Amino acid sequence: MDARELAEKVRARKIDPVQSIKEVLQKIKRINAEYHYFTTICEENALEQAEQVKRNPKGKLAGVPVSVKDCICVKGVESAAGSRILEGYKPVFDATAVELLREEGAIIIGKTSQDEFGFGGFSANVGIGHQKPLNPFDRQRSCGGSSGGSAGITQKADFPHISLAESTGGSIVNPASFCGVVGLCPTYGAVSRYGLLDYANSLDKIGPMAKSIAEARLMFDIIAQHDEKDATSVPHGQRQKHKEKNPEEMRIGIISYVMGDGIAEPIQEHTKKVIERLRQKGIACKEVALPTVKEFAIATYYLLATAEASTNLAKYCGMRYGKAEQLKGNFNDYFSDVRSRNFGKEAKRRVILGTFARMAGYRDAYYLKAAKVRTKIIEEYRELFKSYDALLSPTVPILPPTFEEIGNLTPLAQYMLDALTVGPNLAGLPHMNLPSGNAQGLPVGTLLTADHFNEHILFRLGEILEG
Ligand code: GLN
């Protein structure tokens, strides 16, 4: 049974949502004890919602359990972006995406674990006191990140479930790939960011993770609404879509430079098989180059993302949100004390890097230059989408590594592993991970990217490959 069938049965009063949520809560508690996919399981809240759905069983997601990444605000439930500095922060409102899901009868079951504020690609940079989510196929290995908890529980759940995740530079597709599930990062501006604890405002996107394309699409259609509360939310009239095409009319660009060096052998093999399958369906696949993305995307992304992150984190000073310490000394001492004790190592590294990049005297050389290169990157993609419906590459260049292997990587080596996902994120393009097979008992994913607001092309291609 998938989420659609469950909702249908709940609406027809064939399934009691209270009973079914009770069972789900028992299951996720057991899973969580072993795999750490949740920072909070909101039992009381979930049961209350289930009672409401039972009284009034309606909506596309009637009675469907939904998990929500910790950085997305859920009313009355601790929402801490995986950080100790926000411990105890319970928002007094729902993020718009959460509100829309609830209106359709979804039941929020808990907040999923992540890299602190989204700072990482392995969910290994969890906040102080948090536990790393463990890969559902091998607990020694990473779930990917930063939406690692969302991906892990999506794979592990043997009940209908969809997760609400978030990406800045790859955080939806990367963990979806490591855990073998579908993850869609929508066009920037398609889903409201209102109620998101921002990492980098010009890059953050909220999107679904699910076991199937159909379920990811179901959630996307619900949350992709214009929202006046978010100034970057794009009005519906401006969401230009290309027309629907049959497979024989479609053209896919295979990103050439990612089919060789630096990509693990089994991942290359699987990607080649996917291309072969597309060709068999009559879809034209041709190699394309993205020279600016190849050369500059990582550097551009890490300058812009850290610059924005360092300003976003300034508000966590022990006065308004979350953690507070004993007030002593002057404000600067107090502020530094709270931040030193409660931010993890990677958060501190990013504050330092980001502050440096936008400091007077360096701003032109780093931040502004990166902003210009970002425009070039957008233009490069735009040119390709004149002739192609979608672009294809692997999602991550390696199989899910062990935590020991991750511990041996320098921060820079970790950043480099985002090479395939930061491009579409910088350009605000919709992209999706599609599970495409297994190697050494671990999942391999394919990344599909489409032009702005053309998520429907990704779903269509996903269905072709899924079927
Ligand atoms: N790994 C990238 C980073 O550390 C992307 C993470 C994300 O999308 N939040 O910034």
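For clarity, every value in this text was computed on a predicted model and none was experimentally measured. (Residues numbered from 1 in each chain as written. Predicted model: local features only at pLDDT ≥ 70, side-chain atom pairs only at ≥ 80, totals over all residues.)

### As for the overall build of the protein chain
Phase 1: Looking only at helices and strands, one finds 16 helices and 11 strands in the protein chain.
Phase 2: Its C-alpha atoms give the protein chain a radius of gyration of 21 Å, within 12% of the compact-globule value 23 Å for 467 residues.
Phase 3: By principal-axis analysis of the C-alpha atoms, the protein chain measures approximately 65 × 65 × 45 Å.
Phase 4: Within the protein chain, the fraction of its 467 residues that count as buried is 56%.
Phase 5: Look at the contacts in the protein chain between residues 6 or more apart in sequence, and 77% of them connect residues 24 or more apart. (Helix = DSSP H or I, 4+ residues; strand = E, 2+ residues; numbered from the N terminus. Rg over C-alpha atoms; globule rule 2.2 N^0.38 Å. Buried ≥ 20, exposed ≤ 12 C-beta atoms within 10 Å, placed from the backbone. Contact = placed C-beta atoms within 7 Å.)

### Overview of the packing of helix 9 (residues 291-312) against helix 11 (residues 345-357)
Phase 1: Closest axis-to-axis distance for the helix 9/helix 11 pair is 7 Å, and the angle between their directions is 100°. In terms of axis orientation, helix 9 runs roughly perpendicular to helix 11. Taken together, the residues of helix 11 that come into contact with helix 9 (itself represented by Leu303, Thr306, Ala307, Ala309 and Ser310) are Arg350, Val351, Leu353, Gly354, Thr355 and Ala357. (Axes fitted to C-alpha atoms, helices over the stretch in contact; angles between N-to-C directions. Parallel < 35°, antiparallel > 145°, perpendicular 65-115°, else oblique.)

### Examining the environment of Gly262
Phase 1: Locating Gly262 in the fold gives a position in the loop between strand 7 (251-255) and helix 8 (265-280).
Phase 2: We classify Gly262 as exposed; it has 12 C-beta atoms within 10 Å.
Phase 3: Each C-alpha atom of the pair Gly262 and Pro397 lies 6.7 Å from the other, and the pair is 135 residues apart in sequence.

### Let's talk about the sheet that holds strand 8 (residues 284-288)
Phase 1: Here we have 11 strands laid out as an open sheet, ordered 1-3-2-4-6-5-10-11-9-7-8, and mixed in their pairing. Edge strands, defined here as strands with exactly one partner in the open sheet, are strand 1 (38-41) and strand 8. Direction aside, neighbouring strands of the sheet carry axes that sit 30° apart on average.
Phase 2: In terms of strand pairing, strand 2 (residues 65-69) meets strand 3 (residues 107-112) through 5 bridges, oriented parallel. Of the residues in strand 3, the one forming a bridge with Val68 is Lys111.
Phase 3: Of the strands in this sheet, strand 1 and strand 3 touch helix 3 (residues 43-55), which is tilted by about 160° from strand 3. (Pairing = 2+ DSSP bridges.)

### Quick word on the site of the ligand
Phase 1: Residues in contact with the ligand amount to 13 residues; listed here are only the nearest, Gly118, Gly121, Thr168, Gly169 and Ser171.
Phase 2: Broken down by class, the residue content of the shell around the ligand amounts to 3 nonpolar, 9 polar and 1 charged. (Near = placed C-beta within 6 Å. Nonpolar A, V, L, I, M, F, W, Y, C, P; charged D, E, K, R; others polar.)

### Looking at the environment of Phe38
Phase 1: Within the element layout of this structure, Phe38 appears in strand 1.
Phase 2: On the basis of neighbour counts, which here come to 24 C-beta atoms within 10 Å, the residue Phe38 falls in the buried class.
Phase 3: C-alpha of Phe38 to C-alpha of Asn342: the two residues are 304 residues apart in sequence and 20 Å apart in space.
Phase 4: Setting aside chain neighbours within four positions, we find Phe38 in contact with Ile28, Asn32, Gly110, Lys111, Thr112, Ser113 and Gly149.

### Here's the deal with helix 5 (residues 148-156)
Residues spaced three or four apart along an α-helix point in a common direction, a consequence of the helix completing one turn every 3.6 residues.
Phase 1: Of all the 9 residues making up helix 5, 9 are buried; the element is thus mostly covered by neighbouring parts of the structure.
Phase 2: Among all positions of helix 5, only Gly148, Gly149, Ser150, Ala151, Gly152, Ile153, Thr154, Gln155 and Lys156 are buried.

### A few points about the pairing of strand 8
Phase 1: As paired elements, strand 7 and strand 8 share 5 bridges and run parallel to each other. When the sheet's bridge partners are listed, Ile252 is paired in strand 8 with Cys285.
Phase 2: Viewed along the sheet, the connection from strand 7 through helix 8 into strand 8 turns out right-handed. (Right-handed = clockwise from strand over helix to strand, strands pointing away.)

### Notes on the environment of Cys179
Phase 1: Relative to the helices and strands, Cys179 resides in helix 6 (residues 173-179).
Phase 2: Expressed as a C-alpha distance, the spacing of Cys179 and Ile298, which sit 119 residues apart in the sequence, is 24 Å.
Phase 3: Filtering out sequence-adjacent residues up to four positions away, Cys179 remains in contact with Asn135, Pro136, Cys143, Gly144, Ala151, Gly152, Thr154, Gln155 and Pro443.

### As for helix 11
Phase 1: Between its terminal C-alpha atoms helix 11 stretches 19 Å, which fits the 18 Å expected from 13 residues at 1.5 Å a residue.
Phase 2: All of the buried residues in helix 11 are Ala347, Arg350, Gly354 and Ala357. Buried residues of helix 11, seen end-on, are gathered within an arc of 95° and therefore sit on one face of the element. Exposed residues lying more than 90 degrees from the buried face of helix 11 are Lys345 and Ile352. (Expected span 1.5 Å × (residues − 1). Arc of directions from axis to C-beta.)

### Quick word on the packing of helix 9 against helix 12 (residues 364-384)
Phase 1: Put simply, helix 9 and helix 12 touch, their axes get as near as 9 Å, and they point 135° apart. When the interaxial angle is binned, helix 9 and helix 12 end up oblique. With respect to the hand of their crossing, helix 9 and helix 12 are arranged in left-handed fashion. Only Tyr366, Tyr367, Ala370, Ala371, Val373, Arg374, Lys376, Ile377 and Glu380 of helix 12 make contact with helix 9, whose side of the interface consists of Thr292, Val293, Phe296, Ala297, Thr300, Leu303, Leu304 and Ala307.
Phase 2: Classifying every residue of the contact of helix 9 with helix 12 gives 12 nonpolar, 2 polar and 3 charged. (Left-handed = near helix turned anticlockwise from the far one by under 90°.)

### A short note on the pairing of strand 7
Phase 1: Taken together, the 3 bridges between strand 7 and strand 9 (residues 390-394) define a ladder with parallel strand orientation. The partner of Gly253 across the bridge, within strand 9, is Leu391.

### Notes on unusual backbone geometry
Phase 1: The peptide bond linking Gly145 to Ser146 adopts the cis configuration, its omega dihedral lying at 5°.
Phase 2: Mapped onto the elements of the fold, Ser146 is located in the loop between strand 3 and helix 5.
Phase 3: The residue Phe117 is not glycine, and still its phi comes out positive at about 55°.
Phase 4: Structurally, the position occupied by Phe117 is in the loop between strand 3 and helix 5.
Phase 5: Of note in this structure, Ser123 is not a glycine but carries a positive phi near 55°.
Phase 6: The exposure class of Ser123 is buried, given the 37 C-beta atoms found within 10 Å.

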